[in-house]
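This is what each chain is made of:
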Amino acid sequence: MGRGYLRIIGELFALARPYWFPFSLAFVSLVGTAVVEVSIPQVVRHTIDRYVVPRYAPDKATGEMVDVTTLSKWEVEKRVGPERYYRTPIGYLEPEDLFKRPYDEILKLREEDLKAINRMFLLFVLLLVLRFILNFSFVFLSSWVGQKVANDLRLRTFNHALRLPVSFYDRTPLGVIITRLTNDINSIVETFTGGFLNIFQNVLMFFAALVLMFAISVRLTLLVLLLIPVILILSYVFAGFFAKAWRKVRTGIARLNAFVQETIWGLKTIQNFMAYDLVKRRFEEINSYLYSAYMGVVYIAGVFRPALSFLSYVAIAIVVWYSAGGIMKGDITFGGLVAFLSYIDILFKPVQEFAQRIQVVQSSAAGYEKVKTFLSNPTEYEERRGTLRGEEREEVIRFQDVRHSYDGRRWALRGVTFSVRKGEKVALVGRTGSGKTTILNLILGFYVPTEGEVLVYGIPTADWDITALRSLYAPVMQDLTVFADSIPMNITLGYDLDYKGILEELEITYLLHKEYHELSAGEKQLVSIARALAFNRPIIVFDEATSNLDPITELKLQRILVERFKNKTLIIVAHRLATARIADRIIVLEDGRIVEEGNHEELMERRGKYYELYKLQEV
Ligand SMILES: Nc1ncnc2c1ncn2[C@@H]1O[C@H](COP(=O)(O)OP(=O)(O)OP(=O)(O)O)[C@@H](O)[C@H]1O
Ligand SMILES: [Mg+2]
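Values in this document were obtained by computation on a predicted structure and should not be read as measured data.

So, on to the overall build of the protein chain. Secondary structure assignment for the protein chain yields 23 helices and 14 strands. A globule of 619 residues ought to have a C-alpha radius of gyration of about 25 Å, yet the protein chain, at 40 Å, is considerably larger. By its C-alpha atoms, the protein chain is 135 × 45 × 45 Å across when sized along the principal axes. Buried positions account for 29% of the 619 residues belonging to the protein chain. Partitioning the contacts of the protein chain with sequence separation of at least 6, the portion at a separation of at least 24 is 76%.

The interhelical angle for the contact between helix 8 (residues 174-216) and helix 13 (residues 334-376), taken along N-to-C directions, is 155°, at an axis separation of 5 Å. Here helix 13 runs roughly antiparallel to helix 8, going by the angle between their axes. As for the relative orientation of helix 8 and helix 13, their crossing is left-handed in sense. Residue composition of the contact of helix 8 with helix 13, by class: 24 nonpolar, ten polar and six charged.

Strand order in the open sheet made by the six strands is 10-11-12-7-13-14, with mixed pairing throughout. The strands lining the two open edges of the sheet, one partner per strand, are strand 10 (473-476) and strand 14 (593-598). Here the average twist between neighbouring strands, direction ignored, is 15°. Both strand 13 (residues 585-590) and strand 14 contribute to a ladder of five bridges, which runs antiparallel. The partner of Glu590 across the bridge, within strand 14, is Arg593. Strands strand 7 (425-430), strand 11 (539-543), strand 12 (569-573) and strand 13 of the sheet are contacted by helix 15 (residues 436-443), whose axis makes an angle of about 145° with strand 12.

Here the focus is the packing of helix 2 (residues 20-52) against helix 6 (residues 111-163). Where helix 2 contacts helix 6, the axes come no closer than 8 Å and their chain directions differ by 160°. Classified by the interaxial angle, the pair formed by helix 2 and helix 6 is roughly antiparallel. Between helix 2 and helix 6 the crossing geometry is left-handed. The residue makeup of the contact of helix 2 with helix 6, split by class, is 21 nonpolar, nine polar and three charged.

Let's shift gears to the site of ligand 1. Ligand 1 sits among 13 residues. The nearest are Tyr406, Ala412, Lys436, Thr437 and Thr438. The element that contributes the greatest number of residues to the shell around ligand 1 is helix 15, accounting for three residues. Class assignment of the residues belonging to the shell around ligand 1 gives a composition of two nonpolar, eight polar and three charged.

What follows covers the nonpolar core. By size, the foremost hydrophobic cluster in this structure holds 60 residues, and its most contacted members are Ala427, Ile443, Ala530, Ile571 and Ile586. Of all the elements, helix 19 (residues 521-534) adds the most residues to this core, at seven residues. The next biggest cluster of nonpolar side chains, apart from the first, holds 52 residues, and it includes Ala34, Val38, Tyr343 and Val361.

Segmentation of the protein chain into domains returns domain 1 (3-54 + 94-380) and domain 2 (395-618). Distance between the C-alpha centres of domain 1 and domain 2: 58 Å. Top contributing element to the side of domain 1 that touches domain 2 by residue count: helix 7 (residues 166-171), with three residues. Looking at the side of domain 1 that touches domain 2 residue by residue, the class counts come to one nonpolar, one polar and two charged.

A word on the sheet that holds strand 9 (residues 459-460). The antiparallel open sheet is built from four strands, whose spatial order is 6-5-8-9. Only two strands of the sheet have a single partner each, and these edge strands are strand 6 (413-421) and strand 9. The pairing of strand 5 (residues 395-404) with strand 8 (residues 451-456) spans five bridges and is classified as antiparallel. Considered in strand 8, the bridge of Phe399 is made with Val454. The sheet strands contacting helix 15 are strand 5, strand 6 and strand 8, and the helix crosses strand 5 at an angle near 120°.

So, how was this worked out
Residues numbered from 1 in each chain as written. Chains lettered and ligands numbered in written order. Predicted model: local features only at pLDDT ≥ 70, side-chain atom pairs only at ≥ 80, totals over all residues. Helix = DSSP H or I, 4+ residues; strand = E, 2+ residues; numbered from the N terminus. Rg over C-alpha atoms; globule rule 2.2 N^0.38 Å. Buried ≥ 20, exposed ≤ 12 C-beta atoms within 10 Å, placed from the backbone. Contact = placed C-beta atoms within 7 Å. Axes fitted to C-alpha atoms, helices over the stretch in contact; angles between N-to-C directions. Parallel < 35°, antiparallel > 145°, perpendicular 65-115°, else oblique. Left-handed = near helix turned anticlockwise from the far one by under 90°. Nonpolar A, V, L, I, M, F, W, Y, C, P; charged D, E, K, R; others polar. Pairing = 2+ DSSP bridges. Near = placed C-beta within 6 Å. Core = buried A, V, L, I, M, F, W, Y, C linked by C-beta atoms within 7 Å. Domains from an automatic or database assignment.

Now the structure itself:
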């Protein structure tokens with residue numbers, strides 16, 4: 001784990017600053033858990049050595065009985081022999097002497113020890129309860145903080161995604177944004193719950209256990225330490241494989257999600273053409289990829305986990321075997337041995353988990369890095385630092401030698417010059433792909449022209465304050481949007497607008513009683529048109545907005561546009577030339593160029609492209 005990761009982890013923790021109090025509590029609980037965990041074997045050791053096995057022995061020099069648990073190891077070796085006695089109300093007894101008596105009598109003679117054992121048992125239970133509470137408190141608080149941080153970040157990322165320029169989405173698949181919001185942010189939570197803090201806890205417990213083990217037996221501890229490098233290496237290998245296997249699983253899930261989404265999107269086409277086999281074959285491919293990815297995880301976990309726990313049993317076996325003689329010689333007490341075995345577990349667990357925890361932290365950091373990169377894409381507002389606001393004037397829009405390319409390879413517009421006066425109704429017509437929507441995209445400020453200038457109220461769109469520019473327009477785009485919300489909400493978008501009048505004039509108030517998913521293609525257009533008109537802005541922009549309306553409704557709409565919205569500037573794209581006819585001026589585009597311009601009568605007289613198109617449609 002390099003320095004870069006540490007810096008990122010630092011940044012991640014900085015995100016948790018608003019939650020510093022629960023975070024500190026989580027930290028305290030974590031340290032508390034570690035302390036309790038390493039104390040429990042001490043209680044066991046104490047209980048066994050003091051109250052279970054006999055602990056008195058005659059001093060070699062004086063013959064007086066001494067409590068060996070109060071002596072240091074070398075004192076025991078020097079001062080007493082191997083035999084031990086119990087202290088009872090009737091004097092010191094050898095174990096054989098004591099245990100051949102009737103059961104009731106043994107209980108009575110050892111009453112003091114048994115009472116102490118009960119007390120120790122109570123302490124033991126108390127420690128277990130405490131460990132439970134502390135552990136719960138850590139898990140709960142750290143998850144809470146982690147989820148809060150993720151929650152904040154998700155909100156920030158989503159808000160950012162909403163404000164990115166549309167050109168960003170031309171080159172970024174939707175799946176990427178979804179992955180940022182789900183997988184990547186989720187992996188950040190793990191830094192708080194299972195990653196960094198646990199590494200700290202592991203290190204803490206490792207050293208605490210080590211110190212306590214040395215205190216019990218230096219020789220046994222050194223013996224156990226020999227195994228540590230083996231476990232460490234094995235767990236590193238394991239964690240590497242494991243992370244790789246999980247990455248494969250995540251890729252599989254992302255692929256599956258994208259594929260299902262895409263397929264259901266095109267479900268009607270699939271059903272119409274019975275393209276089930278095509279879809280099924282691709283799905284089977286993804287599905288079996290996912291299957292083998294999951295099986296990979298299973299194999300790795302199946303081999304390595306048992307291998308690691310095998311090693312810790314080997315250690316235990318070695319210790320038991322090696323110390324069996326030691327107990328007799330007084331090298332190690334019986335309680336000490338039991339405690340020591342518990343510490344082996346405590347010592348090995350962090351070592352076994354260490355590599356995996358590091359992987360968690362690394363993937364967490366990588367996830368955060370990706371989210372950060374996403375957030376560093378400048379929003380429309382950051383990219384366009386324009387601050388100007390134009391004043392309403394006679395010439396509303398002017399295109400001056402505009403050439404535009406979306407991808408830097410092909411020209412969508414190749415030199416377009418025209419202007420639109422206030423209150424003028426202008427129609428753009430032309431073949432599919434001739435550049436009509438591109439002109440609107442430039443007017444609306446979604447793109448800045450590659451060459452030339454697009455002026456609105458005399459100011460290049462790039463220099464406009466983008467919010468002010470947008471609030472000039474009432475657009476209906478070619479790709480309609482209906483939100484999963486009520487129809488009134490779809491029209492007002494949450495603003496306080498008077499929309500009833502428009503609906504009445506168009507005689508479409510019945511739409512208010514529909515659900516958003518019940519709308520027909522034409523009704524969707526009506527909702528979008530009602531939205532645009534209700535916003536009551538000076539420039540109305542329609543891109544094929546009436547293509548699905550019946551002629552009667554369209555006529556009604558045209559009358560409203562020409563009469564009630566007489567003062568508003570209208571730019572309308574239409575394939576149906578009957579729609580274009582109402583315009584004061586018609587601009588005919590071909591292959592990114594203006595080829596004809598004029599009103600309906602003029603263009604008909606000219607007998608050019610427009611005339612040809614019109615004749616074709618009249619039939
Ligand atoms: N986001 C984009 N990225 C790259 N190229 C694009 C993009 N949008 C449009 N184009 C290309 O620019 C050209 C003009 O497209 P435009 O959308 O302006 O056509 P249009 O006149 O509106 O056509 P239609 O009548 O089909 O709506 C087309 O060749 C199209 O392939
Ligand atoms: Mg178009």
